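# Examination of the molecular architecture
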Amino acid sequence: ELDKVGVPTAPVQEVPEMMADPQTQALEILQTMDGGGPELMGMPISFDGHRPPLQRYAPTLGEHNEEIKGSKS
């Protein structure tokens, strides 16, 4: 019904399906930081044909606890 009225749609995929999708590969959305590590979803946008690189990985559990505790007054 959405297609009939011109609303763009796409199938919902599970993460493994998205990672294997030819369009994901063609757009080079999956990125790995310099020095290795897991492939992660990069920014879904590009500027002048270039996708912004990953800046950092998500923190590990408790990684910033002491920093946060120290910043409270």
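Here the structure is shown first, and the text comes after it.
In short, a report on the structure. Computed from a prediction, not measured in an experiment: that's the story for all the values here. Residue numbering note: each chain is counted from 1, following its sequence as written. At least 70 in pLDDT is required for a residue's local features to be given in this predicted model, at least 80 for side-chain atom pairs to be given and counted, and no such filter applies to totals for whole chains, interfaces and linings, which use all residues. Excluding hydrogens and water, the side-chain values take into account all heavy atoms of the structure.

### Some details on the pattern of salt bridges
Spelled out, the test is: Counted as salt bridges are all cases of a side-chain nitrogen of Lys or Arg within 4 Å of a carboxyl oxygen of Asp or Glu. The way it works is that DSSP assigns letters per residue, a run of H or I at least four long becomes a helix, a run of E at least two long becomes a strand, and they are numbered from the N terminus. The rule is simple: take the accessible area with a 1.4 Å probe, protein chains only, and divide by the maximum for that residue type; under 20% is buried, over 50% is exposed, in between is partly exposed.
For the structure shown, the criterion picks out 2 salt bridges. For Glu-1, the salt bridge is made with Lys-4, and the minimal N-O distance between the two is 3.0 Å. Taking the shortest distance from any N to any O, the salt bridge between Lys-69 and Glu-66 comes out at 3.6 Å. With a gap of 3 residues between them, Lys-69 and Glu-66 both fall in helix 3 (residues 65–71), about one helical turn apart. A residue is classified by how much of its surface remains accessible, and Lys-69, at 54% relative accessible area, is exposed. Classification of Glu-66 as exposed rests on a relative accessible area of 59%.

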